[in-house]
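Topology and contacts: notes
Take a look at the letters that make up each chain.
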Amino acid sequence: MNYRIPRSWLALLASALLFSLPAHAEKITIAAASDLKFALDDVVVAYRQAHQGDEIEVIYGSSGKFHTQVQQGAPYDLFFSADIAFPRQLAEAGFAGSPVVPYAFGRIVLWSATLDASALRLEDLAKDARIRHVAIANPKHAPYGMRAVEALQATQQYQAVEPKLVYGENIAHTAQFVETGNAQVGIIALALALNPELAAKGGYWLIPQELHEPLEQGFIVTKRAENKQLAHDFAAYMSSPAARAVMTRYGFVLPEVPAAQ
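Residues numbered from 1 in each chain as written. Predicted model: local features only at pLDDT ≥ 70, side-chain atom pairs only at ≥ 80, totals over all residues. Heavy atoms only, no water.

1. Let's talk about the nonpolar core
- Among the nonpolar cores identified, the biggest contains 71 residues, and Phe80, Leu125, Ile187, Phe234 and Phe252 are the most heavily contacted of them.
- Ile187 has contacts with Ile108, Val109, Leu110, Leu122, Leu125, Ala135, Ile136, Ala148, Leu152, Ile171, Thr174 and Ile207, leaving out every residue within four places of it along the chain. (Core = buried A, V, L, I, M, F, W, Y, C linked by side-chain atoms within 4.5 Å. Buried < 20%, exposed > 50% of the residue type's maximum accessible area, 1.4 Å probe, protein only. Contact = heavy atoms within 4.5 Å.)

2. What about the packing of aromatic side chains?
- Throughout the structure, instances matching the rule amount to nine aromatic pairs.
- Ring geometry for Phe234 versus Tyr237: centroids 6.5 Å apart, planes at 35°, classification tilted. One end of the pair, Phe234, and the other, Tyr237, are both in helix α11 (residues 229-237), three residues apart, so they sit about a helical turn from each other.
- Its relative accessible area of 0% is what places Phe234 among the buried residues.
- Taken together, the aromatic side chains of Tyr47, Phe80, Tyr103, Phe219, Phe234 and Tyr237 make up a single cluster linked through ring pairs. (Phe/Tyr/Trp six-rings, centres within 6.5 Å; stacked < 30°, edge-to-face > 60°. Helix = DSSP H or I, 4+ residues; strand = E, 2+ residues; numbered from the N terminus.)

3. Let's talk about the sheet that holds strand β3 (residues 78-81)
- Read across the open sheet, the five strands follow the order β2-β1-β3-β10-β4; overall the sheet is mixed. The open sheet has two free edges, formed respectively by β2 (55-61) and β4 (101-106), since each of these has just one partner strand. Along the sheet, successive strands turn relative to each other by an average axial angle of 20°, direction set aside. (Pairing = 2+ DSSP bridges. Axes fitted to C-alpha atoms, helices over the stretch in contact; angles between N-to-C directions.)

4. Remarks on the pattern of salt bridges
- This model, assessed by the stated rule, comprises 13 salt bridges.
- The partner of Lys27 in a salt bridge is Glu55, and the shortest N-O contact between them spans 3.9 Å. Placement of Lys27 in strand β1 (residues 27-33) and of Glu55 in strand β2 is noted, with a sequence separation of 28 residues between them.
- With a relative accessible area of 40%, Lys27 lands in the partly exposed category. (Salt bridge = Lys/Arg side-chain N within 4 Å of Asp/Glu carboxyl O.)

What follows is the structure, encoded as structure tokens:
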């Protein structure tokens, strides 16, 4: 026997299925500087808890390389840079779908998994016989590497330390050099040194910020995501108390006025 379901029932069933799905579910991809690896992961987790259904993918790497990739059409919806100069350049060139937002100032530290870095100073990198290799991020495209070089130059140590330098592709890669013992000491981001996994393996010494240019960090919504609501919603969330608390926990110095205001 054939039984035909009334069209009105089918309409009700379709409506029920529609409203059972997460409303306005979207996906965005974020390109973020590697110093944000742990902090931004935590921010994304908190955001997802309050916004069920939306999907956020974060790719970490070098700010300089992301700067180039955005210009080449890479599918990034937001770009979080360790140097605010990169998103400013993109905005000036027409690759931004939002104003440039300053979100934090970063700090650099000496960190070691095998030595007591809290007792080390930049002057020790050249003269301490235990230190054969010093890891820094590649200063050609990584802001943290640029600031490491500036600090070494400010203390007249760069020429003596340069033969020991090994270069990570980004600041997270630099920390891996030290964590695995391929370098005895590294100049890395405070935000990475404060991560519980790295903190359990070694101490750090905070390099005075007067020795280098400020690590002012900023982000943009990219031009390709100009009309993506999720991209703008997440950008606004970065100035929320919850997101700011996470950033502060990882040692970032935040703008006194929330970025979205």
